[in-house]
Amino acid sequence: MDQSNSSAQRYRADICVPPEHPCLPGHFPGHPLVPGVLLLEHVAKALRDWRAQRLARVLEAKFLAPLHPGEHAEVELGDAAGRIRFEIRREDIVLARGLIEGAA
């Protein structure tokens, strides 16, 4: 994950899951998709990089469109009154969004 932009209120990072990632062969053989749990792992890493917090709880998560291996996307985190809103986008397409809580 490469950090592309951050501030006290917002954090953005680029992500790309390589086609040889070990979770992909079992996640739809012949038509691999990046699993939602791996997308959430990228959200958790972004939170660690941004605020040095671990992902304590996923309050809400909606997966709206697939991410295919090798495609680039962007994780964006934003402060939401003590909680964190996340969104994962590929260009203008929202792939996932939700609300999380972090902890030290």
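Bear in mind the structure is a predicted one, so any value in this text is a computation, not a measurement.

Residues Ile84, Phe86, Ile88 and Arg90 point to one face of strand β5 (residues 83-90) and are all buried, whereas Arg83, Arg85, Glu87 and Arg89, pointing to the other face, are not buried. Bridge count for strand β4 (residues 72-80) against β5 is seven bridges, and the pairing is antiparallel. Each residue of the ladder has a partner; that of Glu76, found in β5, is Glu87. Connecting β4 to the next strand, β5, in antiparallel fashion are two residues, including Ala81 with a positive phi near 55°. Taken together, the seven bridges between β5 and strand β6 (residues 93-103) define a ladder with antiparallel strand orientation. Counted as the bridge partner of Ile84 is Ile100 from β6.

Moving on to the pairing of β4. Sheet topology note: the strand β2 (residues 10-16)/β4 ladder contains seven bridges and is antiparallel. Residue pairing in the sheet places Asp14 in a bridge with Glu74 of β4.

Right, let's get into the side chain of Glu76. Mapping Glu76 onto the fold places it in strand β4. One polar contact links Glu76 to Arg10, side chain to side chain, over a distance of 2.4 Å. Contacts of Glu76, omitting those with residues within four sequence positions, involve Arg10, Tyr11, Arg12, Arg85, Phe86 and Glu87.

This model, assessed by the stated rule, comprises eight salt bridges. A salt bridge links Glu101 to Arg83; the nearest nitrogen and oxygen atoms lie 3.0 Å apart. Separated by 18 residues along the polypeptide, Glu101 in strand β6 and Arg83 in strand β5 bring together distant segments of the chain. Accessibility expressed as a relative area gives 18% for Glu101, which makes it buried. Through salt bridges with shared partners, a single ionic network connects Arg57, Arg83 and Glu101.

Core analysis: the largest hydrophobic core is formed by 23 residues, its most contacted members being Ile15, Val43, Leu67, Val75, Leu77, Phe86 and Ile88. Listing elements by their share of this core, those giving two or more residues are β2, α1 (36-51), β4, β5 and β6. When sequence neighbours within four positions are dropped, the list of residues in contact with Val43 reads Val75, Leu77, Phe86, Ile88 and Ile100.

The rules behind these values
Residues numbered from 1 in each chain as written. Predicted model: local features only at pLDDT ≥ 70, side-chain atom pairs only at ≥ 80, totals over all residues. Heavy atoms only, no water. Buried < 20%, exposed > 50% of the residue type's maximum accessible area, 1.4 Å probe, protein only. Helix = DSSP H or I, 4+ residues; strand = E, 2+ residues; numbered from the N terminus. Pairing = 2+ DSSP bridges. Polar contact = N/O pair within 3.5 Å; in protein donor to acceptor, adjacent residues only side chain to side chain. Contact = heavy atoms within 4.5 Å. Salt bridge = Lys/Arg side-chain N within 4 Å of Asp/Glu carboxyl O. Core = buried A, V, L, I, M, F, W, Y, C linked by side-chain atoms within 4.5 Å.

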